Amino acid sequence: MSQPRIINIISNRNYESRRVFQILKSKLEKSGFVTPDEFSHKAELSICIGGDGAFLRAVHNNKFPQVPFIGINTGHLGFYQEISPEDIDRFIDDYINKRFETFEMSLVEAKVFTDKKNYFLNAVNEIVVRGQKSKVIHLDVFVDGNHLEKFSGDGIIISTPHGSTGYNFSAGGAIIHPRLSAVQINPIAPMSSRAYRSLPNPIVVPGNWTIGVHPEQRYKNGTTIVLDGTEMFYKDIIKINLRISSKKISRISFSSHTYWENLKTKFL
Ligand code: NAP
Ligand code: MN
């Protein structure tokens, strides 16, 4: 007997997503696929229904799985969500007939060194290092071992090429095409005064370079690390090393024009 073909369907809880979930599930099962209730790492595809937030949560909740993703957009922006709910039949037909491409997506990683332990973190869009309770933070920033600046301001965004259209873009960063292996360091409300001097613009460096972020002594317990929008707190932080991870996730795409169409229709 041949192996069952498993497809995960992950949906957020809003009404439209749940409606699309039911339709998709029954159509996939009619086409012979198995759609498990729990996420299966043996699946050949994971379909995520919702907006970008639903996709980001699906990736984090399932620990950056190797199963490729595709998204159906019922959300607000849906930059990552290629399929619209009206196109489910065409999507299934294209998928069964292998009219798609699989591509890898880079992640950003952080190694957090504290007095007691080290922690490894990953994110799809960006990792933000900022203060707590709306306070200014002072950080020593190193690029590839070189001291760059003493940053003062709200914080810094370290983003992947795919994440460059998220928070980074709103904070005045450049859009980096995902074919580049690069990481962007973008200051949020950098202070530039007689008291403090921080670079006002973003910097883009090779993805395998390490960006060292050392909170000043008095911010050891006043630093927030934000992974794709979710805040994390650690005690006694000594330093955070960030870079593009060797770990990747993958997605499938049905058109090579999606990236530019997306940029145009969702931002202009
Ligand atoms: P959210 O508050 O709903 O996200 C803010 C917006 O960013 C949403 O419209 C979301 O799309 C969109 N978005 C997410 N990733 C994107 C990407 N790679 N390119 C373009 N737009 C993108 O929260 P969320 O849905 O959980 O998303 C978390 C992300 O929000 C973070 O990773 C960060 O990039 C972004 N963010 C942006 C700002 C800002 O722009 N000032 C501030 C904080 C966080 P959907 O509507 O489809 O969800
Ligand atoms: Mn959202």
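Please refer to the structure placed before this passage.
This write-up is about the structure you can find in this document. Since this is a predicted model, take the numbers as computed values, not measurements. (Residues numbered from 1 in each chain as written. Chains lettered and ligands numbered in written order. Predicted model: local features only at pLDDT ≥ 70, side-chain atom pairs only at ≥ 80, totals over all residues. Heavy atoms only, no water.)

**Description of the site of ligand 1**
Then step 1. Near ligand 1 lie 18 residues; those nearest to it are Asp52, Gly78, Glu126, Thr165 and Ser170.
Then step 2. Take glycine 78: an N or O atom from its main chain is 2.7 Å from an oxygen atom of ligand 1.
Then step 3. Between glutamate 126 and ligand 1, the recorded distance is 2.5 Å, taken from a side-chain N or O atom to an oxygen atom.
Then step 4. Starting from 810 Å² of accessible surface for ligand 1 in isolation, the protein chains cover 68%.
Then step 5. When contributions to the shell around ligand 1 are tallied by element, the ones reaching two or more residues are α2 (52–61) and α4 (167–170).
Then step 6. Take the shell around ligand 1: its biggest share by element is four residues, from α2.
Then step 7. Grouping the amino acids of the shell around ligand 1 by side-chain chemistry returns five nonpolar, nine polar and four charged.
Then step 8. Both domain 1 (5–99) and domain 2 (107–247) contribute no fewer than three residues apiece to the shell around ligand 1. (Near = heavy atom within 4 Å. Polar contact = N/O pair within 3.5 Å; in protein donor to acceptor, adjacent residues only side chain to side chain. Areas by Shrake-Rupley, 256 points an atom, 1.4 Å probe, with all protein chains shown as cover. Helix = DSSP H or I, 4+ residues; strand = E, 2+ residues; numbered from the N terminus. Nonpolar A, V, L, I, M, F, W, Y, C, P; charged D, E, K, R; others polar. Domains from an automatic or database assignment.)

**Some thoughts on the sheet that holds strand β13 (residues 224–227)**
Then step 1. Spatially, the six strands line up as an open sheet ordered β11-β10-β9-β6-β13-β14, and their pairing is antiparallel. Either end of the sheet is taken by a strand with one partner, and the two such strands are β11 (203–206) and β14 (230–233). On average, each strand axis in the sheet is tilted by 20 degrees relative to the strand beside it, whichever way the strands run.
Then step 2. Sheet topology places strand β10 (residues 182–188) next to β11; four bridges connect them, and they run antiparallel. Of the residues in β11, the one forming a bridge with valine 183 is valine 205. (Pairing = 2+ DSSP bridges. Axes fitted to C-alpha atoms, helices over the stretch in contact; angles between N-to-C directions.)

**Re unusual backbone geometry**
Then step 1. Residues other than glycine seldom take positive phi values, yet lysine 63 does so here, at roughly 60 degrees.
Then step 2. Within the element layout of this structure, lysine 63 appears in the loop between α2 and β3 (69–73).
Then step 3. A relative accessible area of 66% means that lysine 63 is categorised as exposed.
Then step 4. At aspartate 228, a residue that is not glycine, the phi angle is positive and equals roughly 45 degrees.
Then step 5. Here aspartate 228 lies in the loop between β13 and β14.
Then step 6. Exposure remark for aspartate 228: the relative accessible area of 11% places this residue in the buried category. (Buried < 20%, exposed > 50% of the residue type's maximum accessible area, 1.4 Å probe, protein only.)

**Some points on helix α5 (residues 258–267)**
Then step 1. Where α5 is concerned, the buried positions are Thr258, Tyr259, Asn262 and Leu263. For α5, the arc enclosing every buried residue in end-on projection is 130 degrees, short of the 170-degree limit, so these residues lie on one face. Relative to its buried face, α5 has exposed residues pointing more than 90 degrees away, namely Trp260, Lys264 and Thr265.
Then step 2. Those residues of α5 that are buried lie in contact with β15 (237–253). (Arc of directions from axis to C-beta. Contact = heavy atoms within 4.5 Å.)

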